[in-house]
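Tertiary structure, described
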Amino acid sequence: MRSHLLNGLTAEHYRRSVTEGVERVAAKLATTDRPFTGVTVDALSPRIGDIDLDRPLGDTTAALDELEDVYLRDAIYFHHPRYLAHLNCPVVIPAVLGEAVLSAVNSSLDTWDQSAGGTLIERKLIDWTAARIGLGPAADGVFTSGGTQSNLQALLLAREEAKCDDLARLRVFTSEVSHFSVQKSAKLLGLGPDAVVAIPVGHDKRMQTLALAHELERCAKDGLVPMAVVATAGSTDFGSIDPLPEIAGLCARYDVWMHVDAAYGCGLLASLKYRDRIDGIERADSVTVDYHKSFFQPVSSSAVLVRDAATLRHATYHAEYLNPRRMVEERIPNQVDKSLQTTRRFDALKLWLTLRTMGADGIGQLFDEVCDLAQEGWKQLAADPRYHVVVEPALSTLVFRYIPSGVTDPAEIDRANLYARKALFASGDAVVAGTKVAGRQYLKFTLLNPETTTGDIAAVLDLIAGHAEQYLGVSLDRAS
Ligand SMILES: *Cc1c(COP(=O)(O)O)cnc(C)c1O
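Rules used throughout
Residues numbered from 1 in each chain as written. Predicted model: local features only at pLDDT ≥ 70, side-chain atom pairs only at ≥ 80, totals over all residues. Heavy atoms only, no water. Pairing = 2+ DSSP bridges. Helix = DSSP H or I, 4+ residues; strand = E, 2+ residues; numbered from the N terminus. Contact = heavy atoms within 4.5 Å. Axes fitted to C-alpha atoms, helices over the stretch in contact; angles between N-to-C directions. Near = heavy atom within 4 Å. Polar contact = N/O pair within 3.5 Å; in protein donor to acceptor, adjacent residues only side chain to side chain. Areas by Shrake-Rupley, 256 points an atom, 1.4 Å probe, with all protein chains shown as cover. Nonpolar A, V, L, I, M, F, W, Y, C, P; charged D, E, K, R; others polar. Domains from an automatic or database assignment. Expected span 1.5 Å × (residues − 1). Buried < 20%, exposed > 50% of the residue type's maximum accessible area, 1.4 Å probe, protein only. Parallel < 35°, antiparallel > 145°, perpendicular 65-115°, else oblique. Left-handed = near helix turned anticlockwise from the far one by under 90°. Core = buried A, V, L, I, M, F, W, Y, C linked by side-chain atoms within 4.5 Å. Phe/Tyr/Trp six-rings, centres within 6.5 Å; stacked < 30°, edge-to-face > 60°. Lys NZ or Arg CZ within 6 Å of the ring centre and 35° of its normal. Right-handed = clockwise from strand over helix to strand, strands pointing away. Salt bridge = Lys/Arg side-chain N within 4 Å of Asp/Glu carboxyl O.

1. Overview of the sheet that holds strand β9 (residues 387–389)
If you trace the 5 strands from one edge of the open sheet to the other, you get β1-β11-β12-β10-β9, paired in mixed fashion. Among the strands making up the open sheet, the edge pair consists of β1 (83–84) and β9. Note: β1 against strand β11 (residues 431–437), 2 bridges, orientation parallel. Bridge pairing in β11 places leucine 84 opposite valine 432. Contacts from helix α14 (residues 410–427) reach β10 (397–402), β11 and β12 (440–446), with the element oriented near 35° to β12.

The structure is reproduced here in structure tokens:
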């Protein structure tokens, strides 16, 4: 069994095993002609259920053969140009290489004595990101598992900085289309059930700052405590970017913590063309960035940044066995002092190799391409009488709805759109997302693949229309 332990004696076995796995994936990528096979839960679950985990196969080749059957064959492939559903990006090769290196060395970024150079690399990437945002000389931050954790940590800091013992009086203001992790965080942080105040958005899906001003005023009048405003720089559905400068002005006026959730919009930090769309982000107290959404990084890779490093102390605890207080005096950099996690992956290495290999401009160029593609897709949809498209994209999503001619019942149109999405998924020809807008069923393209073309968009729109028409044909038949 020791032959399976990775060490100096097994280096050759390691090389062969990993190469064999890489060969399989490479072959898969080269031959995958659709984003999904359309496999159903019922078809797949016995294949996994029947496996006896107490009877190992013994060798890599057999395990990989089995993996082909239970996973690789039917996985959802984000690299495919017709995967258009969620905020999953195709990944860049330097980052995948980083993933292979980081898991083999297996540094843990909680303490210096478990990572050494890894700690410094992570810190440099945090400084680089903070500088791109423009957070100023006192900025700091830490890598996290994702935007959800970044938002939670930012709101923890905001809660502590609000210095209010009565948690029931704290209020968090965020747009009605912000990410649900804001609500989840409020719950985890012990805030009251009414803590999160949803601010309406305009037709452009951006927070209405007049409404925000009104709510902040009302909060003060009611003797409540404004804890944070969470602005969204790239809403999950629409990619809409809240008016950051105006929000920053209101936060300054009412002395409220400004958090910018740029989980999606952070790609603009590297953009060569559209960086100005997130102007104002430099005025934030904290920022969430998800490199695994718009920097073409594998899951997980994310960070929370703060304007004032001192605020990170709210996440600091000292344990004698790990990061005793004396280490702070000895200036030993222990990232666990800033993190909600203890043992933590060296995800930063992926971004490091990406920047050292292709550079930030390379990432920015790819992200610009998908923003441009979304603009083209918006024109296609706006000119297509079969569809209603909600809003011109500021990033790279399109939310739209198939509107059949001659059908006026909105509930029937909902069902046709829902059916089309499901039928498309079952076919595996393309994968699209769905969402609700004003209570009605819509469909969504999240465009993060520069390999997707306007031709792909046109083809998928035809497929959707075909499925929806088939459904309506059937349901009209049933009705008559
Ligand atoms: C995806 C997303 C999140 C959550 O990030 P995870 O990495 O999935 O945890 C938060 N906010 C916004 C706007 C997002 O799009």
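2. What to know about the sheet that holds strand β5 (residues 225–232)
Strand pairing in a sheet relies on backbone hydrogen bonds. The paired strands run either parallel or antiparallel. Reading across the sheet, the 7 strands line up as β2-β8-β7-β6-β5-β3-β4 and stay open at both edges, with mixed pairing between neighbours. Each having just a single partner strand, β2 (140–144) and β4 (196–199) make up the two edges of the open sheet. Pairs of neighbouring strands in the sheet enclose a mean axial angle of 20°, with direction left out of account. In this structure, strand β6 (residues 257–262) lies alongside strand β7 (residues 286–290), joined through 4 bridges in parallel fashion. By the bridge assignment, histidine 259 is partnered in β7 with serine 286.

3. Points about the site of the ligand
Taken together, 14 residues lie around the ligand, and Gly147, Thr148, Asp261, Asp290 and Lys293 are the ones closest in. Aspartate 290 has a polar side-chain atom sitting 2.7 Å from an oxygen atom of the ligand. Residue histidine 292 places a side-chain N or O atom 2.8 Å away from an oxygen atom belonging to the ligand. When the ligand sits alone it has 380 Å² of accessible area, and the protein chains cover 86% of it. If you list the elements that add at least two residues to the shell around the ligand, you get α6 (147–162) and α10 (291–294). Taken together, the residues that form the shell around the ligand break down as 2 nonpolar, 9 polar and 3 charged.

4. What about the domain arrangement of the protein?
Once the domains are mapped, the protein shows domain 1 (2–77) and domain 2 (98–357). Here the C-alpha centroids of domain 1 and domain 2 sit 36 Å apart.

5. Quick word on α6
Between its first and last C-alpha atoms α6 spans 22 Å; for 16 residues at 1.5 Å apiece the expected length is 22 Å, and the two agree. In terms of residue burial, α6 counts as a mostly covered element, since 12 of its 16 residues are buried. For α6, the set of buried residues is Gly147, Gln149, Ser150, Asn151, Leu152, Gln153, Ala154, Leu155, Leu156, Leu157, Ala158 and Arg159. Looking one or two residues beyond α6, the residue adopting positive phi is lysine 163, at roughly 50°.

6. Section: the packing of helix α5 (residues 117–133) against helix α12 (residues 348–357)
Look at α5 against α12: their axes get within 9 Å of each other, and the N-to-C directions meet at 65°. When the axes of α5 and α12 are compared, the pair comes out roughly perpendicular. Crossing hand, α5 versus α12: left-handed. Along its contact with α5, which presents Ile121, Glu122, Lys124, Leu125 and Trp128, the element α12 presents Ala348, Leu351, Trp352 and Leu355. Taken together, the residues of the contact of α5 with α12 break down into 7 nonpolar, no polar and 2 charged.

7. Concerning the nonpolar core
Leu212, Val260, Val287, Val289, Leu305 and Phe367 are the most contacted members of the largest nonpolar core, which has 65 residues in total. The biggest single contributor to this core is helix α9 (residues 244–254), with 6 residues. Counting 27 residues, the second-largest nonpolar core is a separate cluster that includes Ile413, Ile464, Ala465 and Leu472.

8. Some remarks on the packing of aromatic side chains
This structure, assessed with the given rule, holds 9 aromatic pairs. An angle of 85° between the planes, with centres 6.4 Å apart, marks the rings of tryptophan 128 and phenylalanine 295 as edge-to-face. Taken as a pair, tryptophan 128 in helix α5 and phenylalanine 295 in the loop between α10 and β8 (302–306) lie far apart in primary sequence, 167 residues in all. Overall, tryptophan 128 belongs to the partly exposed group, its relative accessible area being 22%. Among the aromatic residues, those joined into a cluster by ring pairs are Trp128, Phe143, Tyr291 and Phe295. One residue, lysine 205, lies across the ring of phenylalanine 238, its end atom 5.0 Å from the ring centre. Of note, arginine 277 hangs over the ring of tyrosine 274, and the distance from its end group to the ring centre comes to 4.0 Å.

9. Considering the pairing of β6
Across the 6 residues that make up β6, a large majority, 6, are buried. Taking every second residue as pointing to the same face, both faces of β6 are buried, with Trp257, His259 and Asp261 on one and Met258, Val260 and Ala262 on the other. With α9 bridging β5 and the parallel β6, this β-α-β connection has right-handed handedness.

10. Concerning unusual backbone geometry
Backbone torsion omega between valine 299 and serine 300 reads -5°, so that peptide bond is classified as cis. With respect to the secondary-structure elements, serine 300 resides in the loop between α10 and β8. A positive phi is found at alanine 116, a non-glycine position, where the angle reads about 50°. Along the polypeptide, alanine 116 turns up in the loop between α4 (93–105) and α5. The phi torsion at phenylalanine 296 lies on the positive side, around 60°, for a residue other than glycine. Turning to its location among the elements, phenylalanine 296 is positioned in the loop between α10 and β8. For phenylalanine 296, a relative accessible area of 1% translates into the label buried.

11. Observations concerning the pattern of salt bridges
Pairs can form between side chains of opposite charge whenever their charged atoms are close. All told, the structure shown has 33 salt bridges when counted by the stated rule. Note that arginine 386 and aspartate 462 form a salt bridge whose closest N and O atoms lie 3.0 Å from each other. Of this pair, arginine 386 sits in the loop between α13 (359–382) and β9 while aspartate 462 sits in helix α15 (residues 454–479), placing them 76 residues apart in sequence. Exposure remark for arginine 386: the relative accessible area of 24% places this residue in the partly exposed category. As a salt-bridge pair, aspartate 414 and arginine 401 come within 2.6 Å of each other at their nearest N and O atoms. Here aspartate 414, found in helix α14, pairs with arginine 401, found in strand β10; they are 13 residues apart in sequence, far enough to count as distant. In this structure aspartate 414 comes out as buried when scored by relative accessible area, which is 13%. Classification of arginine 401 by relative accessible area gives buried; the value is 4%.

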